Amino acid sequence: QKEVEQNSGPLSVPEGAIASLNCTYSDRGSQSFFWYRQYSGKSPELIMFIYSNGDKEDGRFTAQLNKASQYVSLLIRDSQPSDSATYLCAVNIRAGGTSYGKLTFGQGTILTVHP
Amino acid sequence: ETGVTQTPRHLVMGMTNKKSLKCEQHLGHNAMYWYKQSAKKPLELMFVYNFKEQTENNSVPSRFSPECPNSSHLFLHLHTLQPEDSALYLCASSQVVGTSSYNEQFFGPGTRLTVL
């Protein structure tokens, strides 16, 4: 089982729709979760982080965390063509008794928003 | 300069060459990281430096040699690389407090490395 798993997509949604990106993780003790956006040929850009169960909203983005189900998601409302990118889920996975500084990434979901 | 910078942005080298990648962070962070990103594969953590000390070496071959002279600068020295080492090499930094796992990492633009 992969430590962090995402559907690779591609996920295609029309402009103005809600895009839903999902991520599952294996370590039940993980405490922090991150979503990065990566445009083609660019480096990852942090867009959301969440530490507690429930929802966290920032503009058009909502991160949802369910630790019992080991599941984190990212919703993008009113999707725009400029949101087309690869979205990376990252989880702070415990390793060797300490987890600080160590993020494990999923393989990313390619999102395409078409006009 | 702001954020995390990396030089060079592109590098082509032969298998017998020796080269170095440089990373500098202007965020006042105390931890720095090297990642490798290959096509169709997840980001792979290579090295972690926390307070200038290496705390993680993720089974990286010895042809990659990191150096962290201070908390703002990080180097990756390369020698006798293989074509399969061609990838995007990303540097990141974060502020680590104690053993906290709340650790937002910020990436530099990366160095696109091609090994011939």
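Look up: the structure comes first, before these words.
Before going into details, it helps to say that this report is about the structure given with it. On a predicted model such as this, the values are computed, not experimentally measured, just so you know.

### Quick notes on the pairing of strand 3 (residues 19-25) of chain A
Consecutive residues of a regular strand have side chains that alternate between opposite faces of the sheet.
Residue and element names in this part refer to chain A.
Part 1 of the argument: Only one face of strand 3 is buried: it carries Ala19, Leu21, Cys23 and Tyr25, and the other face, with Ser20, Asn22 and Thr24, is open.
Part 2 of the argument: When strand 1 (residues 4-6) meets strand 3, the two strands line up antiparallel, connected through 3 bridges. Residue pairing across strands places Glu5 opposite Thr24, the latter belonging to strand 3.
Part 3 of the argument: Pairing between strand 3 and strand 8 (residues 71-76): 6 bridges, direction antiparallel. Paired with Cys23 across the two strands is Val72, which belongs to strand 8.

### Observations regarding the sheet that holds strand 1 of chain A
Residue and element names in this part refer to chain A.
Part 1 of the argument: The 5 strands lie next to each other as 1-3-8-7-6, forming an open sheet whose pairing is antiparallel. Every interior strand has two partners, whereas the edge strands, strand 1 and strand 6 (54-58), have only one. On average, each strand axis in the sheet is tilted by 20 degrees relative to the strand beside it, whichever way the strands run.

### Describing the sheet that holds strand 8 (residues 73-79) of chain B
Residues and elements named next belong to chain B.
Part 1 of the argument: Strands sit in the order 1-3-8-7 across an open sheet of 4 strands; the sheet is antiparallel. A strand with exactly one partner marks an edge of an open sheet, and here the two such strands are strand 1 (4-7) and strand 7 (64-70). In this sheet, adjacent strand axes meet at a mean angle of 20 degrees when their direction is disregarded.
Part 2 of the argument: In the sheet, strand 7 pairs with strand 8 via 5 bridges, with the strands oriented antiparallel.

### Focus on the interface of chain A and chain B
Part 1 of the argument: The interface is formed by 21 residues belonging to chain A together with 26 residues belonging to chain B.
Part 2 of the argument: Here chain A packs against chain B, burying approximately 1,900 Å² in sum over the two surfaces, 57% of which is carbon and sulfur.
Part 3 of the argument: Across the contact surface, chain A and chain B share 0 salt bridges.
Part 4 of the argument: At the surface where chain A touches chain B, the tally comes to 4 residue pairs in polar contact (both at pLDDT 80 or more).
Part 5 of the argument: For the side of chain A that touches chain B, the secondary structure elements donating two or more residues are strand 4 (33-38), strand 5 (45-50), strand 9 (85-92) and strand 10 (103-105) of chain A.

### Quick word on the packing of aromatic side chains
Residues and elements named next belong to chain A.
Part 1 of the argument: One pass over the structure, following the stated rule, counts 10 aromatic pairs over all chains.
Part 2 of the argument: Plain terms: the ring middles of Tyr36 and Phe105 are 5.6 Å apart, the flat faces sit at 50 degrees to each other, and that makes the pair tilted. Here Tyr36, found in strand 4, pairs with Phe105, found in strand 10; they are 69 residues apart in sequence, far enough to count as distant. When sorted by exposure, Tyr36 lands in the same class as Phe105, which is buried.

### Some thoughts on the environment of Gln107 of chain A
Residues and elements named next belong to chain A.
Part 1 of the argument: Counting through the fold element by element, Gln107 comes out in the loop between strand 10 and strand 11 (109-114).
Part 2 of the argument: Under the relative-accessibility criterion, Gln107 is labelled partly exposed at 30%.
Part 3 of the argument: Distance in space between the C-alpha atoms of Gln107 and Lys67 is 20 Å, their sequence separation being 40 residues.

### Observations regarding the pattern of salt bridges
Part 1 of the argument: For the structure shown, the criterion picks out 5 salt bridges over all chains.
Part 2 of the argument: Salt-bridge contacts for Glu57 of chain A lead to Arg77 of chain A; the nearest nitrogen and oxygen are separated by 3.4 Å. Of this pair, Glu57 of chain A sits in strand 6 while Arg77 of chain A sits in the loop between strand 8 and strand 9, and the two are 20 residues apart along the sequence.
Part 3 of the argument: Accessibility expressed as a relative area gives 60% for Glu57 of chain A, which makes it exposed.
Part 4 of the argument: A relative accessible area of 27% places Arg77 of chain A in the partly exposed class.
Part 5 of the argument: Across the pair Glu44 of chain B and Lys41 of chain B runs a salt bridge, and its minimum N-O distance is 3.8 Å.

### Some details on the nonpolar core
Part 1 of the argument: Trp35, Val72, Leu74, Ile76 and Tyr87 of chain A are the most contacted members of the largest nonpolar core, which totals 24 residues.
Part 2 of the argument: Among the elements of the structure, strand 3, strand 4, strand 5, strand 7 (61-66), strand 8, strand 9 and strand 11 of chain A are those that each provide at least two residues to this core.
Part 3 of the argument: When residues no more than four places from it in sequence are discounted, the contact partners of Leu74 of chain A are Ala19, Ser20, Leu21, Trp35, Ile47, Met48, Phe61, Thr62, Ala63 and Tyr87 of chain A.
Part 4 of the argument: Leu21, Cys68, Leu76 and Tyr89 of chain B belong to the second largest nonpolar core, which has 22 residues in total.

### A look at the pairing of strand 6 of chain A
All names here are of chain A.
Part 1 of the argument: Strand direction decides the pairing type here: strand 6 and strand 7, joined by 5 bridges, are antiparallel. For Asp55, the partnering residue across the bridge sits in strand 7 and is Gln64.
Part 2 of the argument: Between strand 6 and the antiparallel strand that follows it, strand 7, lie 2 residues; Gly59 among them carries a positive phi value of about 65 degrees.

Calculation criteria
Residues numbered from 1 in each chain as written. Chains lettered and ligands numbered in written order. Predicted model: local features only at pLDDT ≥ 70, side-chain atom pairs only at ≥ 80, totals over all residues. Heavy atoms only, no water. Buried < 20%, exposed > 50% of the residue type's maximum accessible area, 1.4 Å probe, protein only. Helix = DSSP H or I, 4+ residues; strand = E, 2+ residues; numbered from the N terminus. Pairing = 2+ DSSP bridges. Axes fitted to C-alpha atoms, helices over the stretch in contact; angles between N-to-C directions. Contact = heavy atoms within 4.5 Å. Buried area = accessible area lost by both parts, 1.4 Å probe. Salt bridge = Lys/Arg side-chain N within 4 Å of Asp/Glu carboxyl O. Polar contact = N/O pair within 3.5 Å; in protein donor to acceptor, adjacent residues only side chain to side chain. Phe/Tyr/Trp six-rings, centres within 6.5 Å; stacked < 30°, edge-to-face > 60°. Core = buried A, V, L, I, M, F, W, Y, C linked by side-chain atoms within 4.5 Å.

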